[in-house]
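Architecture and fold: a report
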Number of protein chains: 2
Amino acid sequence: MFSDQDGSAASRRTGETAPVGAREALLGIIEGDAEELVASFYRTFLKHEEAANFLSHSVVQERLSHSLCRWLRAFFRDEPDDTEFAARQKHIGEVHARIKIPIHLVLEGASLVKSGIARRLPASSLTGEEMAAVLILLDERVDLAMRLMSEAYFIGTRQRAQVDEAYRLFSLGQDISMERESQRAALMEWSQSALFGLFGGQGNATLKPISASSFGLWLRHRAGMMFQGAAALDPIEGIMQQIDSVLLPKIADTRTGDASGLPQAVERLQAAIEEINFLLAELFQGAAALENGRDPLTRTLNRRFLPSILSREISLATTSGAAFCVLMIDIDHFKRINDQGGHSAGDLVLRQIADVILDSVRQSDFVFRYGGEEFLVALVETRLEDAVRLAERIRKTFTEQSLRLPDGGELTVTASIGVAAFDGHPDHAYLVNAADKALYRAKEMGRNRVETALPSDHDAPARQDAV
Amino acid sequence: MFSDQDGSAASRRTGETAPVGAREALLGIIEGDAEELVASFYRTFLKHEEAANFLSHSVVQERLSHSLCRWLRAFFRDEPDDTEFAARQKHIGEVHARIKIPIHLVLEGASLVKSGIARRLPASSLTGEEMAAVLILLDERVDLAMRLMSEAYFIGTRQRAQVDEAYRLFSLGQDISMERESQRAALMEWSQSALFGLFGGQGNATLKPISASSFGLWLRHRAGMMFQGAAALDPIEGIMQQIDSVLLPKIADTRTGDASGLPQAVERLQAAIEEINFLLAELFQGAAALENGRDPLTRTLNRRFLPSILSREISLATTSGAAFCVLMIDIDHFKRINDQGGHSAGDLVLRQIADVILDSVRQSDFVFRYGGEEFLVALVETRLEDAVRLAERIRKTFTEQSLRLPDGGELTVTASIGVAAFDGHPDHAYLVNAADKALYRAKEMGRNRVETALPSDHDAPARQDAV
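Since the structure is predicted, the reported quantities are computational estimates derived from the model, not experimental observations. (Residues numbered from 1 in each chain as written. Chains lettered and ligands numbered in written order. Predicted model: local features only at pLDDT ≥ 70, side-chain atom pairs only at ≥ 80, totals over all residues. Heavy atoms only, no water.)

Here the focus is the relation of the copies chain B and chain A. With an RMSD of 0.1 Å, the fit of chain B onto chain A corresponds to turning through 180 degrees and sliding 0.0 Å along the axis. Considering both components of the superposition, the chain copies are consistent with a two-fold axis. Judged by C-alpha distance, G128 of chain B is the residue of chain B that lies nearest the rotation axis, at 1.9 Å. The fraction of interface residues of chain B whose copies in chain A are also interface residues reaches 100%, indicating that both copies meet through the same surface. (Least-squares fit on C-alpha atoms with pLDDT ≥ 70 in both. Contact = heavy atoms within 4.5 Å.)

Moving on, we come to the packing of aromatic side chains. Residues and elements named next belong to chain A. Summed over all chains, the structure comprises ten aromatic pairs over all chains. The interplanar angle of 75 degrees and the centroid separation of 5.1 Å between the aromatic rings of F227 and F284 together place this pair among those described as edge-to-face. In this pair, F227 is assigned in the loop between α9 (214-226) and α10 (233-256) and F284 in helix α11 (residues 262-290), connecting sequence segments 57 residues apart. Using a relative accessible area of 6% as the deciding quantity, one classes F284 as buried. Cluster of aromatic residues (ring-pair linked, three or more members): F215, W218, F227 and F284. Over the aromatic face of Y370 sits the side chain of R303, whose NZ or CZ is 4.1 Å from the ring centroid. (Phe/Tyr/Trp six-rings, centres within 6.5 Å; stacked < 30°, edge-to-face > 60°. Helix = DSSP H or I, 4+ residues; strand = E, 2+ residues; numbered from the N terminus. Buried < 20%, exposed > 50% of the residue type's maximum accessible area, 1.4 Å probe, protein only. Lys NZ or Arg CZ within 6 Å of the ring centre and 35° of its normal.)

Turning next to the sheet that holds strand β7 (residues 450-452) of chain B. Residue and element names in this part refer to chain B. In spatial order, the strands read β2-β3-β1-β6-β7; together these five strands make up an open sheet with mixed pairing. Only two strands of the sheet have a single partner each, and these edge strands are β2 (366-369) and β7. The average undirected angle you get between the axes of adjacent strands in this sheet is 20 degrees. Bridging between strand β1 (residues 324-331) and strand β3 (residues 374-380) involves seven bridges; their strand directions are antiparallel. Residue pairing for β3: L327 is matched across the bridge by V377. (Pairing = 2+ DSSP bridges. Axes fitted to C-alpha atoms, helices over the stretch in contact; angles between N-to-C directions.)

Set out below in structure tokens:
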């Protein structure tokens, strides 16, 4: 598809088919200079911090130089609608996804190659018009390759990200409290053996570094994946390094020389291990909270799934032509409940509020806790008038239904609700924002009411943090 | 970083700074023709099947035409090292990731715009040299924008894929047997109400379509996400459509006209519902098998996590400089056990084989079931000589340890093992392949032995299906 597409783009662009001379001029430059082009590509990229990470290893350089040369030489020999040409670019995209080379680096590399060739043009015997034709051909061919490559890259990247996440959640889903105890034990095992080594009869036996212990290996090779990006990871790593590079050598010194500093050094080691233990507990605790798909208080869906669900529903609605609506519900003056009855009152009331909403919708709808006392409801296959009717019903239920307070008292609340119908825009942030603006208007107009989004409410994406 | 990089690339490419004339010529073409450029962009893209999906809605066309015009006009006004220029391109990349526009379409769009401008050049009063300068400037600026965009796009896409997968697994992790019963109930509820409607006193009351029932909604809006790509999904959808568009109208006809066909029509409806019930059971069963992170027989890791784990270990080894090795273990003549003792013997023996391997490695290593009787072991922070020693120990354990058979008998097995050390290549497929080649040599050389990968074994990626 793309090669056809591009063939015609080429003719469109030059107003006629690319002159035979242009292709031959390009082939000439590349045949003669492929190795120098590749060498200069590497010179530039090795100065580039991010790219150098991928290229600095000699094995890579050697092999990649080779394949880059081959790639360049084949580049203008094949016709772009050659299926082998397409297959080669796609394969490269798959490999790049596998080794996770950022795509912007690949595009930058392509620009480097293009500019390397363009720089050689003035030295050729081409006229200005011929140079222009060569530049257009060069650009089109390289761009086509980048498109084919990035298509494969995109698919590979999505798949990899999914499997990575599945593995991470799988690791977390293993018996996590057992894992926690077994790592606490591994840590204690190391410190015990360090102490035995120190005070036992082994004299100058070297102490095994904590980073090479079972605990140290676990931290780097398991915890790093399970607790991706957790704040406690780096500090634990830092303390382990401190133990291995500062505390253990200091203890070893006091044993061979002046022993007076020993008690203090051992105390510092003990403090370091306690600190690791504390951070370890934090790590496991944080994970439990993070992985919950539902808001623990209200049992409504966690807001982080909002993009996944809304964009899927939007694409279903786009394909099927079915209607799709969003309600944004905010409880009026909720702060007063917290102010008067404390957070336990607020929490109890909020739970009952969520139940009212959950009981009002169908099993196939989605209820999210969007903010403190704000809920977002996604109503599948629902037209605007039905969504407004439902919103009215929810609003009315609140005014009629008493909610319990922890002290046995009761209260009723009112809700302001904004309703927006999907209007075809593929970006869900616009839909959320439209409902939000309607909600804002309901508040402005005195609260305890339902407002529908105006067409102009659909004109901007949601608040920055909404997506 | 990229703007600097690119600034210098621009000078490298033309041999000097881009002539002022080139930029002004470009600005002139764009100022005058932005709207026509955008219009032709849409004309081309609307003929493009994949792109049309994203553009066909009038709302989108209207808004996107507008922003594309604005984007083009600002394009050569800003300096490329302008932070606002970069911020704008990154923002566009984020939006594209959010609405999941494939990146190759965006790149194709950029090529269309480039060629639209290039096509206008011959009509200008520029010389050939000036045209070449304009083309270079145009190309560089658009490429820079695409790089900035795709960097943001890539990050957004990865994050989205992770959240999508987390949501899918969260949905599956909900009480799935309860979900199954509740959807069976929803299906029966619909068919019961259809039958009551049919034989009850309501006369010509219209029958509610199954696709609009609670079950129908669940299938489209929940099951589609939970059971992504499951084979049973489409057939269920197909039967529901058949019920709504063929069977229900037929039943309605027999009630108003000739009633003789009624029993047969009702029988067909019953068969259709039974078929849905059967497919539903299949759907839930398949999910349980699919989501298991471990091989159910041997409790070793599922091979689908191989890319996630190996590529993470490779990047850890690259950063830290630590050694990293892979063992590929295959049991010799395993087929004989299945042939003689049947699959139950094979399964029992395989479980004990896996235990031998699992007991031989550390907690921080990874053991995968790679194939039928083939296991892959990833040994973190392990040098080649230690990996070979471990492989020897495993090989020896097999020759010494009797394995139980279901009939109370015993047998011993032997294993061939290939060992490969990470050599710096970022693609894990190469490492897996090197171990595989060494294993092959161990087989060739008479089995029950350990072979180490030769440098030349690292020269090709793994078998197609390995990654």
